[in-house]
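Here's the letter readout for the chains.
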Amino acid sequence: MRLLSCQLQNVRLHGDLSVAFSPRITLIGGANETGKSTLVEALHRALFLKATATGTPVEALQSRLHLGQPTVAIDFEAKGDRWTLRKRFSGASGQVSLLAESSGQALNGAVAEEVLAELLGVKETLGSRQATTALPTRWAHLWVMQGAAGDNLLEAGKAHYDFDALLAQLEQSGGAAVQQSTHDQRVAQRIEAALEENFTTRGVKKNSPLWQRREDLDLAEIAMARALEGLQDYEEASEELAGIVEELEQRQNQDLPALEQRRLLITQGAEASARLDGAIELAAKALEPLRLRHDAAVQQLAAMDQLIEQLADTERRWSALQEAQAGADQQEQSLQQEVDAKREARTRLIAQRQQLEQRHQLLQLLSERARSVESLGRLSQSLQIAEQATARRRELEQQLASQPAVGRTELTALREAHQRWRDATTRQEAMAAGVRVLRSDQAIRIDGQPIGPGEQRQLSSTFELQVGDGVALEITPGGGAALGDLQAQCEAAEMAYKAALTSLGVASVEAAEQLAETRTGLEQQLLALQASDQQDAQAVQADVEHLQQRLGELDLALSALADCRSDLEQEGPLPEAASALQERQALVSQTLTHVTGACVQSEAELDAAQGQLESFRTTRLEQASQLQVAEAERLDRQSRLSALMQTHGNREGLAEQCAQWAQQRQEAEAALQQLQAERATLASGNQEQELLDLHAQIEAVQRQIEQLIDRRGAAKQRCDSISDQDPYAAVEQARVQLEAASTDYESIKRLTDAQKLLQQLFLEAQADLSSRYSEPLALAIGSYLRPLVPDGPVAQLSYDQAKGFGGLQLRRGGEFYDFQQLSGGMREQLAAALRLSMADVLKGSHDGCLPLIFDDAFTNSDPDRVQLVKTMLQTATERGLQVILLTCDPTAYGAFADQVVDLTAA
């Protein structure tokens, strides 16, 4: 698109302003408050705001100096044609017209707004509700409003520049890779879904497989700690029981017998005491082995019963697990066959989809080729239109030659002469005398002319009034001699006005205005036709070359798909019309959509089958682990029971031996009690005090023995309660369960770590792809700022699919600096280079040209900065861009511009 000219009427301080733009660089100068920013805002609103819009943006265009509604007319080139846009902003009654000069097509109202939006490359022109928010973002990357020259366009977000068109042009130019495919998006979504199964933004997800394995591992570690704690308690209780038994034996076998023996010696004679003491000692020594054997036998019998019961329970659990594992192989094979079948189905669908994609591409190329051939046929019609424009131009030249030369100067002089005549007439009428006849019974004449009742005359010179035949009055109006001078001025003004009309060949001012307007319209049409004759022929030739080149490219691409075309033609002849090809392409596209959906569904079914297979294998591994644990427990209990039976025989023999030892222990204890009773009878009254002391000591020892017996019972009960669970077996089982839980956790941990690594590598690959978008744009910016950095990279920026471009930096010395770290002047130049680079990329979607407007953008008068700006703008115009500068001080860039407009003089 290229701006040609504009006209503003009743826009703020502009009553009627016309400006023509150079196709290269136009400089618009003027002091403050001369309407430079008003011109830019009026152009912007005319292009992007509906004529029927209301609100602040429209109210800002209203003029307090000139009557009438704001009206803006713009001539511009777009889509290979020259257009004239005219908008009058008057609320609901606003009017818009759009005229295509080459075709003569005239559009009005909503249709004109739609075509205008299409020419500008936007979705729609904006209404009242969108004006305040969306209007500042339209072409914000091309039109720099006052005060925004140093702003970083990328920080405002991708809504402030044509992000989608920019990416499309970068892809077409070959400087960027194609956007990520739907398969890449599906891969990213599957990776994200796999991670979301186990993680949230705050960490591990509750009740997820990873969380459950961690919980199982924690429970196994707790069970292991408890088993080790139980084993330690059992060992401590055993040591405590052994210590109590040792101390009890000390009291029973040494301390108490010694006191008893001493008491017997005192109460009996030495001989009797010695005999009884010896017998008691022998009996006690004979009793102790019997007691120890009996206690050991009872404990071993209890241990054997416990092992027999535990072995039976372990064998039942082992048998159940073996039965569960028996049909696992067949079930796993069935699941594997289902996975293989679904994988083959997916492979067939993928092959079918690839074939359809090739056919879709082939039909698309054939359709484009058919349209190109049709376009070549229409070029002849375009040449005829160009010839018609030439004939029209000659007709306009003849019409202009046949009409009087009524221009703006002649029209102004005619209006001034007419105004002078009207002013003289008005002053003359103000000094005239009025005569009105109310009633009369006689004839009344004024200068010999009769006047009747009810009639009125307005006379500005001396006149004679006659009443009947006998009365005659001479009446002179007020003003005296001045009235005569005024009469002469009025006659001179009238003669001058009529002379001006005669010289122009018109009858009135209105006719002259109509003639001038008609002549201006003819001149504008003639100028438009003169400018477009040669351009239309060149455009047609360029279109022919472009279509021929494109047909060659299409033929080359079609040759690469010759096999696909041959297969498709075997099914039926291919149509040649573009519409028929498009219908065929739509059918293939619909089939491709269905096949793609089937591929997605097949992929999901395959994933579900694989997940079911993996779940079954995991369950099977868990059952195998439990079977190994049960097998180890069964073998351990069998070996321990066998070792116990080898040592003590079978249970019946051990029970019988335990009963025999119990009977022998009872007999030995009865004999010892009898000897002790006999020894007690041997007492002496002479040693009463000593016996009392011994008695107290014996009682103290007996109390200690009783306490030790109670403690021994408690300790034995504690050992028995702990040994009921077999602490050694519990530790072994807990160790096996801990190892299994640790293996399961490490397995799923490695899986989640691999998923995280896969996501990281995928994101890094995406980041590498994104750099292929940012690098071409950074190189374009560097081409404009090359005088600042003679070698190496000049600028760099980043790209994000969701946020767009960002991270704009400029290299100074050996380092890159962020946009906000630069000085004000450098920020302005970097921002300008960014806008020029975007326009350079986007011009491909706008007929190779775009207008850039800078309102008070380059205010730095430093010679180096000015030279850099000139170099940048010169480069932009060489690349086909149109630049319009608005500045208060045109001296720095006046000689550099192709066209200079001074609004102060206007």
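Preceding this paragraph is the structure being described.
As a starting point, this report considers the structure included with it. (Residues numbered from 1 in each chain as written. Predicted model: local features only at pLDDT ≥ 70, side-chain atom pairs only at ≥ 80, totals over all residues. Heavy atoms only, no water.)

A word on the sheet that holds strand β18 (residues 804–812)
The condition that has to hold: Pairing between two strands is assigned when DSSP locates at least 2 bridges connecting them. Comment: elements are numbered from the N terminus, with helices defined as DSSP H or I runs of at least four residues and strands as E runs of at least two. To get an axis, a line is fitted to the C-alpha atoms, and for a helix only the part in contact is used. The angle between two axes follows their N-to-C directions and goes from 0 to 180 degrees.
Taken in spatial order, the three strands make up an open sheet running β17-β18-β19, and their pairing is antiparallel. Each edge of the sheet is formed by a strand with only one pairing partner; in this case those strands are β17 (795–800) and β19 (815–818). Going across the sheet, the axis of each strand differs from the next one's by a mean of 35 degrees, ignoring polarity. When β18 meets β19, the two strands line up antiparallel, connected through four bridges.

Some words on the packing of aromatic side chains
What counts, and what does not: By convention, a stacked pair of Phe, Tyr or Trp rings (six-membered ring in the case of Trp) has centres within 6.5 Å and planes under 30 degrees apart, an edge-to-face pair has planes over 60 apart, and any other such pair is tilted. Each residue is placed in one exposure class: buried if its accessible area under a 1.4 Å probe, protein chains only, is under 20% of its type's maximum, exposed if it is over 50%, and partly exposed if it falls in between.
Applying the stated criterion across every chain yields a total of two aromatic pairs. Considering the side-chain rings of F48 and W139, the 5.3 Å spacing of their centres and the 65 degrees angle between planes classify their relative orientation as edge-to-face. You can see F48 sitting in helix α1 (residues 36–48) and its partner W139 sitting in the loop between α4 (128–134) and β8 (143–144), a full 91 residues away along the chain. Taken together, a centroid distance of 6.2 Å and an interplanar angle of 70 degrees make the contact between W139 and W143 edge-to-face. Both residues of the pair, W139 and W143, count as buried. Within the aromatic cluster, the residues linked to one another by ring pairs are F48, W139 and W143.

What to know about the nonpolar core
Note the threshold: Joining through side-chain atoms within 4.5 Å is the link that ties buried Ala, Val, Leu, Ile, Met, Phe, Trp, Tyr and Cys residues into a set, and such a set is a nonpolar core.
Ranked by internal contacts, the top residues of the largest apolar core, which has 106 residues, are F76, F805 and F854. Among the elements that take part in this core, helix α18 (residues 824–842) stands out by supplying eleven residues, more than any other. L356, L558, L568 and A578 belong to the second-largest nonpolar core, a separate cluster that totals 20 residues.

Some thoughts on the pairing of strand β6 (residues 95–100)
The alternating pattern of β6 places V96, L98 and A100 on a buried face and Q95, S97 and L99 on a face that is not buried. Pairing of strand β5 (residues 81–88) with β6, which is carried by six bridges, proceeds in the antiparallel orientation. Bridge assignment links R86 to a residue of β6, and that residue is S97. Between β5 and β6, which follow one another and run antiparallel, lie six residues, and G91 among them has a positive phi close to 70 degrees. Sheet topology places β6 next to strand β7 (residues 106–108); three bridges connect them, and they run antiparallel. Bridging from a neighbouring strand, L99 pairs with A106 of β7. Hairpin connection, β6 to β7: the antiparallel pair is bridged by five residues, and G104 has positive phi, about 75 degrees.

Thoughts on helix α14 (residues 578–648)
Test applied: Helix span is expected to be 1.5 Å times the residue number reduced by one.
In a regular helix each residue adds 1.5 Å, so 71 residues correspond to 105 Å; α14 covers 102 Å between its end C-alpha atoms and thus fits that length. At the exit of α14 stands G649, carrying a positive phi of roughly 85 degrees.

Here's the deal with the pattern of salt bridges
For clarity, the threshold we go by: Every case where a carboxyl oxygen of Asp or Glu lies within 4 Å of a side-chain nitrogen of Lys or Arg is listed as a salt bridge.
All chains considered together, the criterion is met by 30 salt bridges. The closest approach of N and O atoms between E614 and R617, which form a salt bridge, is 3.7 Å. Separated by three residues within a single helix, E614 and R617 lie in helix α14, roughly one turn from each other. Look at E614 and you get partly exposed, because its relative accessible area is 45%. Of the charged contacts, one joins D840 and R879 as a salt bridge, the two residues approaching to 2.9 Å between their closest N and O atoms. In this pair, D840 is assigned in helix α18 and R879 in the loop between α19 (863–878) and β21 (882–887), connecting sequence segments 39 residues apart. R879 gets classed as partly exposed once you look at its relative accessible area, which sits at 27%. Residues joined by salt bridges that share partners form a network here, namely R190, R346, E603 and D607.

Quick look at unusual backbone geometry
Residue N10 is not a glycine yet carries a positive backbone phi of 60 degrees. Relative to the assigned elements, N10 resides in strand β1 (residues 2–11). Look at N207: it is not a glycine, yet its phi comes out positive at around 65 degrees. Mapped onto the secondary structure, N207 falls in the loop between β10 (203–204) and α7 (209–267).

Looking at the side chain of T34
Test applied: We call two N or O atoms a polar contact when they sit within 3.5 Å, provided that within protein one can donate a hydrogen and the other can accept it, with sequence-adjacent residues counted only if both atoms are side-chain atoms. Contacts were defined at the residue level, with two residues in contact if any of their heavy atoms lie within 4.5 Å.
Among the structural elements, T34 can be located in the loop between β3 (25–29) and α1. Owing to a relative accessible area of 13%, T34 belongs among the buried residues under this scheme. Within the structure, T34 has its side chain in polar contact with the backbone oxygen of A31 (distance 2.6 Å). Non-local contacts of T34, meaning those with residues more than four positions away in its chain, are made with L13, H14, L903 and T904.

Here's the deal with the environment of L527
The topology assignment puts L527 in helix α12 (residues 509–560). A C-alpha to C-alpha distance of 8.8 Å links L527 and R393, two positions 134 residues apart in sequence.

Brief notes about the environment of P863
Along the chain, P863 falls in helix α19. Spatially, the C-alpha atom of P863 lies 58 Å from that of Q755, the residues being 108 residues apart in sequence.

What to know about the packing of α18 against α19
Stated formally: Between 65 and 115 degrees an angle is taken as roughly perpendicular, under 35 as roughly parallel, over 145 as roughly antiparallel, and anywhere else as oblique. Throughout, the ten residues Ala, Val, Leu, Ile, Met, Phe, Trp, Tyr, Cys and Pro are labelled nonpolar, Asp, Glu, Lys and Arg are labelled charged, and all others, Gly among them, are labelled polar.
At a closest axis distance of 11 Å, the pairing of α18 and α19 adopts a crossing angle of 5 degrees. It follows that α18 is roughly parallel to α19 by the angle criterion. Touching G825, M826, Q829, A832, A833 and L836 of α18 are R865, L868, M872 and A876, all from α19. Residues that form the contact of α18 with α19 fall into these classes: seven nonpolar, two polar and one charged.

Quick word on the sheet that holds strand β12 (residues 444–446)
Strand order across the open sheet formed by four strands is β13-β12-β15-β16, with antiparallel pairing between neighbours. Only two strands of the sheet have a single neighbouring strand rather than two, namely β13 (449–450) and β16 (471–475).

A look at the pairing of β17
Residues A795, L797 and Y799 of β17 are buried on one face, while the alternating residues Q796, S798 and D800, pointing to the opposite face, are not. Here β17 pairs with β18 via five bridges, running antiparallel. Each bridged residue has a counterpart across the sheet, and for A795 the counterpart in β18 is L810.

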